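Summary of structural features
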Amino acid sequence: MIEPVAYASAEAATVTIPAAAKPGDIVVIFAFNDGSVTNPTIPTGWTNITNTLDGTTCSASVGWKVFATGDTSGTWTSATGLMCIVLRSADILAPIMTNATSTGTTNTVTFAALTNANLRGARGYHIFAFLAHRSTDTNINAAPPTGMANVHSLLGATQDMAVHQATSDSEWASTNASITGTASGWISMVLAIRPARLNVRNYHGISSGDNGVAGVISVTEKIR
């Protein structure tokens, strides 16, 4: 089962990865550029989820990596704000199952549906939603969509940002949330994280004779 370990944020192109992160954890960073469609640069060592997400006079890039001791966020050039989540027991080979994005300029914020077939029949995955807004007078931390709860937010000097988490692992239908404050450009991403896969090894052995009794065949099989 995936365990959300810690969150962090900063109005900068770098962010301090929480001290709670341990080797093997998955770190996801959402980088927002308030005021430009120049997407933040994903640093070397991070795997790209998207670096082409553009809204109205704003943009975002999102990436992930498997944490190792001493890792930093690196510099997400052009970012004005970063949101970081640390996850334990996520799949270290392919943690990102699917994502859906939305953009707009009104006080109705959309969290797009996850319709990718990768979700069907899956169990134990976690759904998170990132939201970044160009205005600084919103209540995005207090206005998650129905079916999600706010787990971290940054109400900053140049932008407002939030991370929400779904309250179940069912497929996510497109859901709107109404926020207060000045209507301006915003970007949202709904993201499904895959849990660690079971390490299954099958082996069997066949031997003749049981405690020295000829003509008896024993079969040993173990699954773990």
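Chains are numbered independently. Their residues run from 1 in the order of the written sequence. Only residues with pLDDT of at least 70 are given local features in this predicted model, and only at 80 or more are side-chain atom pairs given and counted; all residues enter the totals for whole chains, interfaces and linings. The side-chain figures draw on all heavy atoms in the structure; neither hydrogens nor water molecules are used.

Okay, the pattern of salt bridges next. When a carboxyl oxygen of Asp or Glu lies within 4 Å of a side-chain nitrogen of Lys or Arg, that pair is called a salt bridge. All chains considered together, the criterion is met by four salt bridges. The shortest N-O distance in the salt bridge between Asp25 and Arg88 comes to 2.8 Å. Taken together, the positions of Asp25 in the loop between β1 (3-10) and β2 (26-34) and Arg88 in strand β5 (residues 81-88) put the pair 63 residues apart, joining distant regions of the chain. As far as the burial class goes, Asp25 and Arg88 line up, both buried. Between Asp91 and Arg197 there is a salt bridge, and its shortest N-O distance comes to 2.6 Å. Taken as a pair, Asp91 in the loop between β5 and β6 (96-104) and Arg197 in the loop between β12 (186-193) and β13 (202-210) lie far apart in primary sequence, 106 residues in all. Under the scheme used here, helices are H or I runs from DSSP no shorter than 4 residues and strands are E runs no shorter than 2 residues, and both carry numbers assigned from the N terminus. Note on classification: 1.4 Å probe, protein chains only; a residue is buried when its accessible area is under 20% of the maximum for its type, exposed when over 50%, partly exposed between these limits.

A separate point is the pairing of strand β8 (residues 126-133). Extensive coverage of β8 is indicated by the burial of eight of its eight residues. Burial along β8 is two-sided: His126, Phe128, Phe130 and Ala132 facing one way and Ile127, Ala129, Leu131 and His133 facing the other are all buried. Any two strands are treated as partners once DSSP identifies two or more bridges connecting them. Sheet topology note: the β8/β12 ladder contains eight bridges and is antiparallel. When the bridges of β12 are listed, Ala129 appears paired with Val190.

Most of the time, phi is negative for any residue but glycine, and the peptide bond is trans. Backbone geometry places Ser78, a non-glycine residue, at a positive phi of 85°. Here Ser78 lies in the loop between β4 (58-66) and β5. The residue Ser89 is not glycine, and still its phi comes out positive at about 65°. Tracing the sequence through the fold places Ser89 in the loop between β5 and β6.

A separate point is the confidence of the model for the protein chain. With 87% of its residues at a pLDDT of at least 70, the protein chain reaches an overall mean of 89. Per-residue confidence from the predictor is reported as pLDDT, which spans 0 to 100. When checking whether two residues touch, look at their non-hydrogen atoms; a contact exists if any pair is within 4.5 Å. In the model, residues 209-213 has pLDDT below 50 throughout and makes two contacts with residues more than four positions away in sequence or in other chains. Every residue in residues 216-224 is under pLDDT 50, and counting partners more than four places away or in other chains gives 26 contacts.

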